[in-house]
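Coordinate analysis (summary)
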Amino acid sequence: MSQDSSFDIDLTNCDREPIHIPGSIQPHGMLFVLAEADFTIIQVSANTFAFLSRHPHEFLGQPLSVLIEPEQLACLRDSLANEQVDENPLYVFTLPVRGSEQLFDVIVHRMGEVLILEFEPSTQSEQSVSLRVYRMVKSAVIACQRTSQVREFAQAVASSVRKLTGFDRVMAYQFQPDGSGVVIAEDKCDDLESYLDLHYPASDIPMQARALYLRNWLRLIPDVGYQPAPMLAIDPDHPSIPLDMSYASLRSVSPIHIEYLINMGAKASMSISLIKNDQLWGLVACHHHSGPRYLPYDIRAACEFLGHMASLQIGDKEASEDAAYTAALQGVQAELVQHMSVANDVVAGLTRFEPNLMRFIDSGGVAVCMEGQVVLLGSTPPEPVVRQLIEWLIQAIDDNVFATNSLPRQYPAIEPFKAVASGLLAVRLARSRPNYLLWFRPEVIQTVNWGGNPDKPVIVDEESTRLSPRRSFEIWKETVTQTSLLWRAYEVTAARDLRRAIIDLVLYRLEELSRLNEELSRSNVELDSFAYVASHDLKEPLRGLHNYAHFLIEDYGDQLDDDGKGKLATLVRLTQRMEALIDSLLHYSRVGRAELTWVEVDLNAELTDVVNLLEPRLRESEVELRIEQNLPRVRADQARVREVFSNLITNAIKYNNKPQKWVEIGCLSVPDDDNDEAYVFYVRDNGIGIPEEHQETVFRIFKRLHGRDEYGGGVGAGLTIVKKIVERHGGTIQLVSKPDEGATFWFTLGKVNVNLTKFCRYGPEASLEG
């Protein structure tokens, strides 16, 4: 019973039962509470008469010396001064109590401002028995060290504990992520039914009991049919703060737990905590069915030592079990990083080579979702479903790495695709972008064996209408659907490591790109400066050559034969061509160097000026000029924009051999990032066209696709200058053409939120959505 008698316990409130302050002890020993300042007994268990033939009130308010001799008292004081006893029970000595021939093992620990002394009848054996215990513990440690698998290790622990204790059944019990537990190892009498691989619901061990298992490594109940011995205080009318017995071996047990054990047919029980990384990993659970089972302190200490030893090795055994797979994951990750680095593309590196992302973590299918692109490998939901899943992840999941083996229960929309996507491991690559790596696992329909019906962990007592623990522990089978195999911790860690590697690679590429851009900008400035200086300085000697050739023809023409005159004429023509090339180079360098004058430009007015300038050529070549609609006003450099239209229209006139020639000029409006209106312009003709393999070449300076004098000649700088002007305005230009079907030059004046390739593919008649 609890010291708070108003707290009635049943399964409606057992998770709030204050089991650390039960107000009573198990009666196989005595408990004394001392004020540490003067060793006065301030609380005592009510069962002292059974051991000492003295009533408990005879001890209350008395010094501890009424129990033990001065020598033992001095030993106790020394232990308290030199040993760690704060919330840490310590065996002090074995001694007879005054007035009794019975030997008692004395265990002490400090709890707040009081000392708690536990006296248990001693069965301290002779040295030969102690050596036997030592040999069994040593044998147990060696057996555990020789194992490599977790279940094999758990079996060694269970068998060793049973040899030490003689319990009828010893089980190793591992907690699952949902709080339930499963028996992973068992050592038992032959006539008992096996509990191996049975599952038990989380409600069997409530949260406050799990918290105590973290604090007190071993709990013994030698007789489940015991009658609790209440604790008595100095002043029963004014009880002090309830005594916290979290670390007391004699602490009385919850009546619900006793009822649970009785329903299982157990007469005695013991549990040993298995703790990994400060979390309760599992328990070694011991049951005795043939009668009460008391264990002396030295055996219990040996069992607790095994619990500590096992807890220290659990992580190593799990790591050893997974070592081969972990090493394989690391090897595949290194290859994926290399693929991404060589391809200079994350998506390509993860999907186009071997091994690809499917070979990284065991799964049925993967999805790589980057910058709106979705690449699917293996068995996955359709792409639209994957995109919807990503939207849900963005809204519902904050973590960068998310793993579940029951996705349909968390995201019901995936239920139609549970056959391929019951499990999901998702890695978010960027907070601000919908960039994800997804691994899918298929549904695995499992049969889980429970120790009793998990949906009915309680029964209603017909006499008292009180909820009680279940009485049936017969195997109850459950078919589990909409689940996949669990994602192991090292798989989640591997996904997290790959995310970090991708981010590091992308950051490195950004730094490298930034450095290259800086170098390229510097090189371009230097090249422009060189081109300007070189072209400017070459003009003077070239002009001298041209003039001297003229002088020779004028002054010595009558002395030269026809061959000499022809050579001088060729020299004049070559110097004229060279001067045209230098003028084009000088003009190109000026376009790249000169500051733009940004003004509001009426493109209709500029186009009118260009057409007026080209009117003679249009009339001579019989070219029809089509202007589809009024052009907008834009912010640009007026002279440079006029040059763009002039060069493009001139080319369209020049490279046309059709009987009916035409040039079309127009624009399309599109929304930009700020929802303002932006424009894509085009100049189209029905001329000779440009083969696809030369559509990049035509933008290079001095690159002509025809002979020097064909189609009116030229130096091949016009389109180069157009491209430079467009780029200096922050825009882009793209050519679409087929031989003998004309050409269309699309360009923007400024950054526009549109895929220019789309416009090139569908033409000016296509809308933005089209």
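First, a word on what this report is: a plain description of the structure on this page. The structure displayed is predicted, hence computed values, not measured ones.

Remarks on helix α5 (residues 207-215)
For α5, the full list of buried residues reads Gln208, Ala209, Arg210, Leu212 and Tyr213. In this structure, the buried residues of α5 make contact with β7 (169-175), β12 (268-276) and β13 (279-288).

A word on the packing of helix α15 (residues 603-621) against helix α16 (residues 638-654)
Relative to each other, α15 and α16 sit at 25 degrees, their axes nearing to 9 Å. Taken as axis vectors, α15 and α16 run roughly parallel relative to one another. Seen along the crossing, α15 lies across α16 with a hand that is right-handed. Between α15, through Leu603, Glu606, Leu607, Asp609, Val610, Leu614, Arg617, Leu618 and Ser621, and α16, the contact on the second element is made entirely by Gln638, Val641, Arg642, Phe645, Ser646, Ile649, Thr650, Ile653 and Lys654. Its residues assigned to classes, the contact of α15 with α16 comprises nine nonpolar, four polar and five charged.

Here we look at empty space enclosed by the protein
What the rule picks out here adds up to two cavities of 30 Å³ or more. Residues belonging to the lining of the largest cavity are distributed by class as follows: eight nonpolar, no polar and no charged. Of the volumes computed, that of the second largest cavity is approximately 30 Å³. When residues of the lining of the second largest cavity are traced back to their parent elements, those giving at least two are β16 (401-404) and β17 (423-428). Across the lining of the second largest cavity, the residue classes break down as six nonpolar, one polar and two charged.

As for the nonpolar core
A general trend in soluble globular proteins is that nonpolar side chains are found buried together. Counting 38 residues, the largest nonpolar core has Leu603, Phe645, Leu648, Phe681, Phe745 and Phe747 as its most contacted members. Top element by residues in this core is α16. It accounts for seven residues. Apart from the residues within four sequence positions on either side, Leu648 is in contact with Val683, Leu719, Val722, Phe745 and Phe747. One finds Val133, Phe167, Val170 and Ile272 within the second-largest nonpolar core, a separate group that totals 36 residues.

A word on the packing of aromatic side chains
Under the criterion given, the structure shown has 15 aromatic pairs. Between Phe32 and Phe59, the aromatic rings sit 5.6 Å apart at their centres with planes inclined by 80 degrees, giving edge-to-face as the arrangement. Here Phe59 lies in the loop between α1 (48-52) and α2 (70-82) and Phe32 lies in strand β2 (residues 30-35), a separation of 27 residues in the sequence. Residue class for Phe32 comes out buried when judged on its relative accessible area of 0%.

A closer look at a nonpolar patch on the surface
Judged by side-chain polarity, Leu552, Tyr556 and Leu560 come together as a nonpolar surface patch covering roughly 250 Å² of accessible area. In this fold, Leu552 is placed in helix α13 (residues 489-556).

A short note on the pairing of β12
Counting buried positions along β12 gives eight out of nine residues, so the element sits mostly inside the fold. Sheet topology note: the strand β10 (residues 218-221)/β12 ladder contains four bridges and is antiparallel. Its bridge partner being in β12, Leu218 is matched across the sheet by Ile272. Strand direction decides the pairing type here: β12 and β13, joined by nine bridges, are antiparallel. Paired with Ser273 across the strands is Leu283, a residue of β13. A loop of two residues connects β12 with β13, the two strands running antiparallel in sequence, and Asn277 in this loop sits at a positive phi of about 55 degrees.

Quick word on the sheet that holds strand β4 (residues 90-96)
Read across the sheet, seven strands follow the order β1-β11-β3-β2-β6-β5-β4 without closing on themselves; strand pairing throughout is antiparallel. Edge positions in the sheet fall to β1 (24-25) and β4, since each has one partner strand and no second. For strand β3 (residues 40-45) and strand β11 (residues 229-233), the ladder comprises three bridges, and the chain directions are antiparallel. Bridged to Ser45 within β11 is Met231.

Cut-offs applied
- Along each chain, the written sequence defines residue order, and numbers are assigned to residues from 1.
- In view of the model being predicted, local features appear only for residues whose pLDDT reaches at least 70, and side-chain atom pairs are presented and counted only at 80 or more, with totals across whole chains, interfaces and linings using the full set of residues.
- As a rule here, side-chain values come from all non-hydrogen atoms in the structure, and water together with hydrogens is ignored.
- Whether a residue is buried, partly exposed or exposed follows from its accessible area with a 1.4 Å probe, protein chains only, as a fraction of its type maximum: under 20%, in between, or over 50%, in that order.
- Numbering of helices and strands starts at the N terminus; helices are DSSP runs of H or I of at least 4 residues and strands are runs of E of at least 2.
- Should any heavy atoms of two residues lie within 4.5 Å, those residues are counted as being in contact.
- Each axis is a line fitted through C-alpha atoms, and for a helix only the stretch in contact is used; angles between axes span 0 to 180 degrees, taken between their N-to-C directions.
- In what follows, roughly perpendicular refers to angles from 65 to 115 degrees, roughly parallel to angles under 35, roughly antiparallel to angles over 145, and oblique to any angle outside these ranges.
- Crossing handedness is read from the near helix: turned anticlockwise from the far helix by less than a right angle, it gives a left-handed crossing, and turned clockwise, a right-handed one.
- For this scheme, ten residues count as nonpolar: Ala, Val, Leu, Ile, Met, Phe, Trp, Tyr, Cys and Pro. Four count as charged, namely Asp, Glu, Lys and Arg, and the remainder, Gly too, count as polar.
- In this analysis the probe radius is 1.4 Å and the grid spacing 1 Å, with only protein atoms considered; a cavity is a set of points the probe fits into but cannot get out of, a pocket is an open set with protein on both sides within 12 Å along at least five of seven lines, and lining residues have an atom within 4 Å of a point.
- Grid points are joined across faces, edges and corners, and a volume is the space filled by probe spheres set on the points.
- Think of a nonpolar core as a cluster: buried Ala, Val, Leu, Ile, Met, Phe, Trp, Tyr and Cys residues, connected wherever their side-chain atoms sit within 4.5 Å.
- Within 6.5 Å between ring centres, the rings of Phe, Tyr and Trp (the latter by its six-membered ring) count as paired, and their orientation is classed by plane angle as stacked under 30 degrees, edge-to-face over 60, tilted in between.
- Candidate patch residues must exceed 30% relative accessible area and have no salt bridge, after which like charges are joined if within 9 Å and Val, Leu, Ile, Met, Phe, Trp or Tyr side chains if within 5 Å.
- Shrake-Rupley sampling with a 1.4 Å probe provides the accessible areas, and residues are treated as covered by the protein chains on show and by no other component.
- Criterion for a salt bridge: a side-chain nitrogen of Lys or Arg within 4 Å of a carboxyl oxygen of Asp or Glu.
- Two strands are said to pair when DSSP picks up at least two bridges between them.

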